[in-house]
Amino acid sequence: MLTQTIEPNAFTFSSMLKTCPLESGKSLHSEVIKLRYESDTYVRTALVDVYARGSDIVSARKLFDTMPERDVVCWNAMIDGYSQHGMPDEALVLFRQMLQSKVQPNEVTVVAALSACAQMGVLESGPWIHA
């Protein structure tokens, strides 16, 4: 697109970021900043997901913490990122923060939180999460 002087938009970035690996995501992040789409909620959520999937949890959390608005997908990306990369304590802390923020969890949230419980061996928390 860029070589043909076609400028990508927020939809283009959020779509491309959904499946790209970390290194490509970092390059796209640079373009997102350059073209001023970083404040778009969908683009920002996709960036959180790229960094979380790519094991760069610190960068994912920095993006997450600076988001002015967080829909449930963003919370899921961060909770699952923690859970998938051996940080179940952080996943459950964030899950509790999500509930305190009055964000309604969905099926993806529950699976990520249950995975964190299983990693920690606190299966008695499972019914609490399910409820």
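Residues numbered from 1 in each chain as written. Predicted model: local features only at pLDDT ≥ 70, side-chain atom pairs only at ≥ 80, totals over all residues. Heavy atoms only, no water.

- Going by the annotation in an unreviewed UniProt entry, the name recorded for the chain is Pentatricopeptide repeat-containing protein, with Anisodus acutangulus given as the source organism.

### A short note on the pattern of salt bridges
Pairs can form between side chains of opposite charge once their charged atoms are near each other.
Part 1 of the argument: As enumerated under the stated definition, the model contains five salt bridges in all.
Part 2 of the argument: One salt bridge connects Asp-49 with Arg-53, and the closest N-O pair in it is separated by 2.9 Å. Linking Asp-49 with Arg-53, this pair stays in helix 3 (residues 41-53), spanning four residues, or about one helical turn.
Part 3 of the argument: Asp-49 sits in the partly exposed class, given a relative accessible area of 24%.
Part 4 of the argument: Arg-53 sits in the partly exposed class, given a relative accessible area of 38%.
Part 5 of the argument: We note a salt bridge from Arg-61 to Asp-65, for which the minimum N-O separation is 2.8 Å. In this pair, Arg-61 and Asp-65 are both assigned in helix 4 (residues 57-65), four residues apart and thus about one turn of the helix distant. (Salt bridge = Lys/Arg side-chain N within 4 Å of Asp/Glu carboxyl O. Helix = DSSP H or I, 4+ residues; strand = E, 2+ residues; numbered from the N terminus. Buried < 20%, exposed > 50% of the residue type's maximum accessible area, 1.4 Å probe, protein only.)

### A word on helix 4
Part 1 of the argument: Regarding helix 4, the residues found buried are Ile-57, Ala-60, Leu-63 and Phe-64. Taken around the axis of helix 4, the buried residues stretch over an arc of 125°, which confines them to a single face. For helix 4, exposure combined with an orientation more than 90 degrees from the buried face picks out Val-58 and Lys-62.
Part 2 of the argument: Here the buried face of helix 4 lies against helix 2 (22-34), helix 3, helix 5 (72-84) and helix 6 (88-100). (Arc of directions from axis to C-beta. Contact = heavy atoms within 4.5 Å.)

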